[in-house]
Amino acid sequence: MNLIYKLFKAGALISLVAMIAAVTIQVFARFFLESAPHWTEEAARIFFVYSVGFGTAIGIKNGDFIRLDLITKYLPEWLNKWLNFFTDVAVVVFAIILTVHSVKFVQLGMDELSPALQITMGFVFISITLIGLSVILFTFANLYHSFKRK
């Protein structure tokens, strides 16, 4: 699991650096060249989407997502554990639905090309599948570790 986590961290870092590079090229070209490359805006958008896709897994693993502390503050500990369990189950169910439907979306995008980069949009849309799979994987890992501690 640590290897997968490291791969997601590397993917997030690479996506973020690539997005910053594309935006930097765009800004530099607008100020110092006659015209800016037409592909930089689209590339930055795609790299942003992938940084979110990879970053979702990191956020789940580290427990960085927001939970309703107002409710859990007034509940007994045993009820908080069950509430967290059902919340995680609901998140997994949502992620499974997202992943299943994202596969159809990727298939639709395989025949479409992006306007500037001329890459298949299926490559862009598969980031949704990546998000769904990472949510499922890392939420199950969190559930496993929470039961292992008991």
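Computed from a prediction, not measured in an experiment: that's the story for all the values here.

A. Representation of the overall build of the chain. Across its full length, the chain carries five helices and zero strands. Along the chain, helices and strands appear, N-terminal first, in the series α-α-α-α-α. The C-alpha atoms of the chain give a radius of gyration of 19 Å, which is well past the 15 Å a tight globule of 150 residues would have. Principal-axis analysis of the C-alpha atoms gives the chain an extent of 65 × 35 × 30 Å. Counting every position in the chain, which comprises 150 residues, the buried fraction comes to 34%.

B. Inspection of the packing of helix α1 (residues 2–32) against helix α2 (residues 40–62) at higher detail. At a closest axis distance of 8 Å, the pairing of α1 and α2 adopts a crossing angle of 150°. The orientation of α1 relative to α2 falls into the category roughly antiparallel. The chirality of how α1 crosses α2 is left-handed. Counted by class, the contact of α1 with α2 contains 17 nonpolar, nine polar and three charged residues.

C. The packing of aromatic side chains, seen in detail. Under the criterion given, the structure shown has 10 aromatic pairs. When the centroid spacing of 6.4 Å and the interplanar angle of 65° are considered together, the rings of Tyr 5 and Phe 138 count as edge-to-face. With a gap of 133 residues between them, Tyr 5 in helix α1 and Phe 138 in helix α5 (residues 121–149) connect regions that are remote in the sequence. Pair check on accessibility: Tyr 5 and Phe 138 agree, each one buried. Through a chain of ring-to-ring contacts, three or more aromatic side chains come together here, namely Tyr 5, Phe 8, Tyr 50, Phe 54, Phe 123 and Phe 138. One residue, Lys 61, lies across the ring of Tyr 5, its end atom 5.0 Å from the ring centre.

D. Representation of the packing of helix α4 (residues 77–109) against α5 within the structure. As a packed pair, α4 and α5 sit with axes 8 Å apart at the nearest point and diverge in direction by 160°. With respect to α5, the axis of α4 lies roughly antiparallel. For the pair α4 and α5, the sense of crossing is left-handed. Of the residues contributing to the contact of α4 with α5, the split by class is 20 nonpolar, seven polar and one charged.

E. Here's a closer look at the confidence of the model for the chain. Mean pLDDT over the chain works out to 91, with 97% of the residues at or above the 70 mark. Within the chain, α1 carries the highest mean pLDDT (96), whereas helix α3 (residues 69–72) carries the lowest (76).

F. The pattern of salt bridges, seen in detail. Using the criterion set out here, one finds one salt bridge in the structure. For Glu 41, the salt bridge goes to Arg 45, with nearest N and O atoms at 3.4 Å. Placement of the pair is Glu 41 and Arg 45 together in helix α2, with a separation of four residues, close to one helical turn. Overall, Glu 41 belongs to the partly exposed group, its relative accessible area being 47%.

Conventions used here
- Residues numbered from 1 in each chain as written.
- Predicted model: local features only at pLDDT ≥ 70, side-chain atom pairs only at ≥ 80, totals over all residues.
- Heavy atoms only, no water.
- Helix = DSSP H or I, 4+ residues; strand = E, 2+ residues; numbered from the N terminus.
- Rg over C-alpha atoms; globule rule 2.2 N^0.38 Å.
- Buried < 20%, exposed > 50% of the residue type's maximum accessible area, 1.4 Å probe, protein only.
- Axes fitted to C-alpha atoms, helices over the stretch in contact; angles between N-to-C directions.
- Parallel < 35°, antiparallel > 145°, perpendicular 65-115°, else oblique.
- Left-handed = near helix turned anticlockwise from the far one by under 90°.
- Nonpolar A, V, L, I, M, F, W, Y, C, P; charged D, E, K, R; others polar.
- Phe/Tyr/Trp six-rings, centres within 6.5 Å; stacked < 30°, edge-to-face > 60°.
- Lys NZ or Arg CZ within 6 Å of the ring centre and 35° of its normal.
- pLDDT = per-residue confidence, 0-100.
- Salt bridge = Lys/Arg side-chain N within 4 Å of Asp/Glu carboxyl O.

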